[in-house]
Amino acid sequence: MENHLIPVGTHPIEVGHYLLPTKEVLRLMDNLKKIVLNRLPGMIVYGRPRLGKTTALKFALENLPHFMNAPIPIFIANSNSYKFPNEGRFYADLLHDFEFPFIARRKAEEMRNQIVNLLKERAELSRLRRVILIMDEAHRLTESHFIWLMDIYNQLDRAKISMTVICVGQEELLTRRTFFLGQRKSQIIGRFMTHEHRFFGITSLDDIKSVLRCYDSSEISAYPENSDWSFTRHFFPKGYEKGHRLEDDAALIYQQFQDLRSEHGVHSKLEIPMEYFTYAVENALKIYGAHGEQLEWISAQHWLESIKLSGYIESEIYMSLAGSGD
C-alpha cells in the first residue's frame with residue numbers, strides 16, 4: 001500500500017528539514033543537561049566542519065525544556081569575521097541575528113542595553129531565569145568579542161539572570177583557548193571555555209546502523225507525525241513491506257565508504273561528517289525511491305552512486321591535502 005497523502009516535493013527528505021536523535025546528539029544533550037542544571041556559564045563544542053554540530057545543538061536544546069519542565073529561551077548568533085573587530089558592529093550583528101526590529105545606528109552602549117533588555121525580558125518569562133546564547137562559527141571570535149560578551153553576561157548577572165554561552169566551532173577553538181591560557185586571560189576561560197565537548201562524525205559500523213535505524217523507525221522519523229510511515233517506508237513501500245530496512249545495508253555502506261577512501265588515497269582515521277552521510281542517504285531515497293525511479297529497493301551500485309554524489313570523497317581529498325600542507 002502506498003502513502004498518497006504526501007505531495008511530491010514536500011516530504012522532509014526532499015525539503016531537507018529534519019533532525020535525527022543520533023548517538024552524538026544524545027551525548028551532546030547529556031552534556032548540555034549538566035551545564036544547564038549546574039548553571040554553568042559556558043561550554044565550547046568543537047569538531048571538524050560538516051559534522052552537523054549546530055543542527056545537533058538545536059535539536060538538543062529544543063528538547064531541553066521538556067527535560068527541565070520549563071521553557072528556556074535560546075538565542076543563536078553567527079560569529080562574523082571582520083578585519084578589525086568593532087564593538088558597535090558586534091552588537092548590531094547580534095541584534096540582527098535575534099531578529100530585533102533594529103533600524104537606525106546607535107551607540108554601542110545603547111545597543112548592548114537593547115540586547116541585555118531583550119535577553120532579560122525573555123529569561124523572566126521562564127521560572128528558571130535562564131537564557132542560552134549559541135555563538136556559531138565561534139573560532140572566529142577574538143579576545144575583544146569575548147570581553148563584549150562578558151559585559152552582557154555581567155549586566156544580566158546583576159539582574160539575577162543566568163546566561164550560558166555555548167561556542168560552536170572548529171578545532172581552532174581549542175587553539176584559541178590555549179592562547180588565552182598563555183595570555184593569562186583566566187576571566188575569559190572561566191566564563192566561556194572551562195567545559196568542552198568534542199563532537200564526532202560517524203566513525204564505526206555501529207554509528208552507521210544507529211543513524212539508518214532512525215530512518216527506518218516510525219517512532220523516530222514518522223511523516224506525517226504520529227503515523228506509521230517512517231522515511232524508509234515512504235520512499236520504498238514495497239521493499240519495506242517485504243522486510244527491507246536501511247539498517248540491514250549498514251555493513252555494505254560502511255565498506256563502500258572504506259573502499260572509496262582507499263581508492264582515492266585517503267588514509268586518515270575514518271570520520272564521516274553527518275552532513276555527507278545524510279546527503280548519501282537522501283540521494284538513495286530521492287533518486288531510486290517512490291518519487292524517483294520507483295525501485296523496490298536500493299542495490300549496492302545505487303548506494304555507491306549515492307555516496308559519490310554526496311561530495312564526501314572530494315571533501316576528504318581536500319582535507320588530506322590541506323593537512324599535508326601544514
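Everything below is about the structure printed above this text.
Here we summarise the structure given alongside this text. Owing to the predicted nature of the structure, the values given are computational and were not obtained by experimental measurement.

Parameters and conventions
- Residues numbered from 1 in each chain as written.
- Predicted model: local features only at pLDDT ≥ 70, side-chain atom pairs only at ≥ 80, totals over all residues.
- Heavy atoms only, no water.
- Buried < 20%, exposed > 50% of the residue type's maximum accessible area, 1.4 Å probe, protein only.
- Helix = DSSP H or I, 4+ residues; strand = E, 2+ residues; numbered from the N terminus.
- Arc of directions from axis to C-beta.
- Contact = heavy atoms within 4.5 Å.
- Pairing = 2+ DSSP bridges.
- Axes fitted to C-alpha atoms, helices over the stretch in contact; angles between N-to-C directions.

Regarding helix 15 (residues 300-309), the residues found buried are His-302, Trp-303, Ser-306 and Ile-307. Axial view of helix 15: buried residues confined to an arc of 135°, hence all on one face. Positive backbone phi, at 85°, marks Gly-311, one or two positions downstream of helix 15.

Inspection of the secondary structure assignment puts Gln-155 in helix 6 (residues 143-158). Discounting chain neighbours no more than four positions away, the residues touching Gln-155 are Arg-112, Asn-113 and Val-116.

The next subject is unusual backbone geometry. Residue Tyr-223 is joined to Pro-224 through a cis peptide bond whose omega torsion reads 0°. Looking at the element boundaries, Pro-224 is found in the loop between helix 10 (218-221) and helix 11 (231-235). The backbone of Arg-129 sits at a positive phi, close to 50°, despite the residue not being glycine. The topology assignment puts Arg-129 in the loop between helix 5 (108-124) and strand 3 (130-136). Positive phi is not limited to glycine here, since Glu-137 has a value of about 55°. Residue position: Glu-137 is located in the loop between strand 3 and helix 6.

A word on the environment of Tyr-318. Turning to its location among the elements, Tyr-318 is positioned in helix 16 (residues 312-324). Its relative accessible area of 59% is what places Tyr-318 among the exposed residues. Measuring from C-alpha to C-alpha, the distance between Tyr-318 and Met-43 comes to 29 Å, with 275 residues separating the pair along the chain.

Let us now look at the sheet that holds strand 3. Strand pairing in a sheet relies on backbone hydrogen bonds, with the paired strands running either antiparallel or parallel. Ordered by their spatial adjacency, five strands build an open sheet running 2-3-4-1-5, and the pairing between neighbours is parallel. The sheet terminates laterally at strand 2 (74-78) and strand 5 (195-198), the two strands that pair on one side only. Ignoring strand direction, the axes of neighbouring strands in this sheet form an average angle of 20°. By the bridge criterion, six bridges tie strand 3 to strand 4 (residues 162-169) in an arrangement that is parallel. Bridge assignment links Val-131 to a residue of strand 4, and that residue is Met-163. Here helix 4 (residues 87-97) sits on the sheet in contact with strand 2 and strand 3, set at roughly 125° to strand 2. Strands in contact with helix 7 (residues 172-182) are strand 1 (42-46), strand 4 and strand 5; relative to strand 1, the strand with the most contacts, it is inclined by about 135°.

With respect to the helices and strands, Ser-315 occurs in helix 16. Sequence separation between Ser-315 and His-244 is 71 residues; the distance between their C-alpha atoms is 31 Å. What Ser-315 contacts, discounting residues up to four positions off in sequence, is Arg-48 and Tyr-276.

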